[in-house]
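One-letter residues, chain by chain:
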Amino acid sequence: MQTTEKKSIYLKKYLATRQHSVELCKPLYKEDYIPQPRDFASPPKWHLAHITWFFEEMILTKYVEGYQAFHKNFSFLFNSYYQTVGDRAIRAERGAMTRPSVDEVYQYRKYVDEHMRELLSKTVSDEIIELVILGINHEQQHQELLLTDLKHTFSLNPIFPTYRDDFNLVDDKNNEDGWLEIKEGIYDIGHNSDEFCFDNELGRHKVFLHDYQISKALVTNGEFIKFIEAGGYEDFKFWLDEGWSWVNNNKITRPLYWYKIEDKWFYYTLAGLQPVNPKAILSHISFYEANAFATWKGCRLPTEFEWEVASQNLDWGKRWEWTY
């Protein structure tokens, strides 16, 4: 069982996380909550409902005696890949759900939050707290997904709508340069602390690595522009076979969200269309593009194990870094 102090900490974390999701949606119009232009992206309304469904389905319905679900259809509508929980709506058709309304989804969130607040004000088991921690991390994942999906939806609008004037998330700079040397040896890989982790970070084990060097800085927009201008997208020798097919079949000539306007590079950001900052860290390229750039530079991408060992000594974490 949890102490009163610990319960208070978890309740505060829960409420802060839930409120942050609401804050992220404040700049949106009602019309922004619905569209789903690609089957791999979900509308903001679905994200808000799904992360609420998690707490209702995984905690309230199982551990609160007499709990009444907010709506009998929500478990079906807002389940995603949790096959053991039950049936779920087709992922590619989430944008077709004009009902329930956005307002009803917010009522759902309020209803669940009130019951979660009541539950966490009592003495609860360690099992419930573990689920709350998992739910908080799950919601934080969806906060990132919500913004990523929203950016993709907005980018398809020819007027390049602004989410927020101060929300350019792709303007980070490197704080280090040069190369980090890692000596040959046996290294431990995998999660190794009492803090939260997802199950795919477990299974700690040893790996053998040869000597290698890894850049302390991530690739910048300016460096990638040189790759483009050198004909990188037009020369097959830099590309994996599957990547070369991807480039040609999809007519890829630039990173996602980049546009050449009057011979100058611009990119769409959540702060609107802006000139590409050559000093900012590169974003929104595929594994194929990352591998082609590395090959063009006479380098290679690190393996997952090389990255994990080196990352402890690097000022990284501002991007998802591609590995083999």
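Note: the structure precedes this text.
All of the points below concern the structure found in this document. Think of each chain on its own: its residues are numbered from 1, step by step along the sequence as written. The predicted origin of the model limits local features to residues at a pLDDT of at least 70 and limits the giving and counting of side-chain atom pairs to 80 or more, whereas totals for whole chains, interfaces and linings rest on all residues. Neither water nor hydrogens contribute to the side-chain values; these are computed over all heavy atoms in the structure.

The definition of a nonpolar core used throughout is a set of buried Ala, Val, Leu, Ile, Met, Phe, Trp, Tyr and Cys residues joined through side-chain atoms within 4.5 Å. Note on classification: 1.4 Å probe, protein chains only; a residue is buried when its accessible area is under 20% of the maximum for its type, exposed when over 50%, partly exposed between these limits. Counting residues in hydrophobic clusters, the biggest one holds 43 residues, and the most contacted among them are Ile59, Phe78, Val112, Met116 and Tyr163. The way it works is that DSSP assigns letters per residue, a run of H or I at least four long becomes a helix, a run of E at least two long becomes a strand, and they are numbered from the N terminus. Of all the secondary-structure elements, those providing two or more residues to this core are α1 (4–25), α2 (44–63), α3 (74–78), α4 (102–120) and α5 (126–155). Beyond its immediate sequence surroundings of up to four residues, Tyr163 is in contact with Leu24, Pro27, Leu28, Leu147, Leu150, Phe154 and Leu270. If you look at the next biggest cluster of nonpolar residues, it comprises 24 residues, including Phe238, Tyr267, Ile285 and Ala294. By the convention used here, residues are in contact when the closest approach between their heavy atoms is within 4.5 Å.

Salt bridge, as used here: a side-chain nitrogen of Lys or Arg that lies within 4 Å of a carboxyl oxygen of Asp or Glu. Evaluated as defined, the whole model comprises 14 salt bridges. Taking the shortest distance from any N to any O, the salt bridge between Arg18 and Glu139 comes out at 3.0 Å. With a gap of 121 residues between them, Arg18 in helix α1 and Glu139 in helix α5 connect regions that are remote in the sequence. A salt bridge links Asp172 to Arg319; the shortest N-O distance between them is 3.0 Å.

With that settled, consider the pairing of strand β5 (residues 258–261). Pairing between two strands is assigned when DSSP locates at least 2 bridges connecting them. Taken together, the 4 bridges between β5 and strand β6 (residues 264–269) define a ladder with antiparallel strand orientation. Within β6, the residue paired with Tyr259 across the bridge is Phe266. In this structure, the hairpin formed by β5 and β6 is closed by a connection of 2 residues, where Glu262 is found at a positive phi of approximately 50 degrees.

For the rest of this paragraph, the subject is helix α6 (residues 221–229). Listing the buried residues of α6 in full gives Asn221, Gly222, Phe224, Ile225, Phe227 and Ile228. Next to the buried residues of α6 lie β5, β6 and α8 (287–296). Phi turns positive one or two residues past the end of α6, at Gly231, with a value near 85 degrees.

Turning to the packing of aromatic side chains, a few remarks are in order. Pairing of aromatic rings covers Phe, Tyr and the six-membered ring of Trp, with a centre-to-centre limit of 6.5 Å; geometry is then stacked below 30 degrees between planes, edge-to-face above 60, and tilted otherwise. Under the defined criterion, the tally for this structure stands at 30 aromatic pairs. When the centroid spacing of 4.9 Å and the interplanar angle of 85 degrees are considered together, the rings of Tyr14 and Phe55 count as edge-to-face. Taken together, the positions of Tyr14 in helix α1 and Phe55 in helix α2 put the pair 41 residues apart, joining distant regions of the chain. Like Tyr14, the residue Phe55 is buried in the burial classification.

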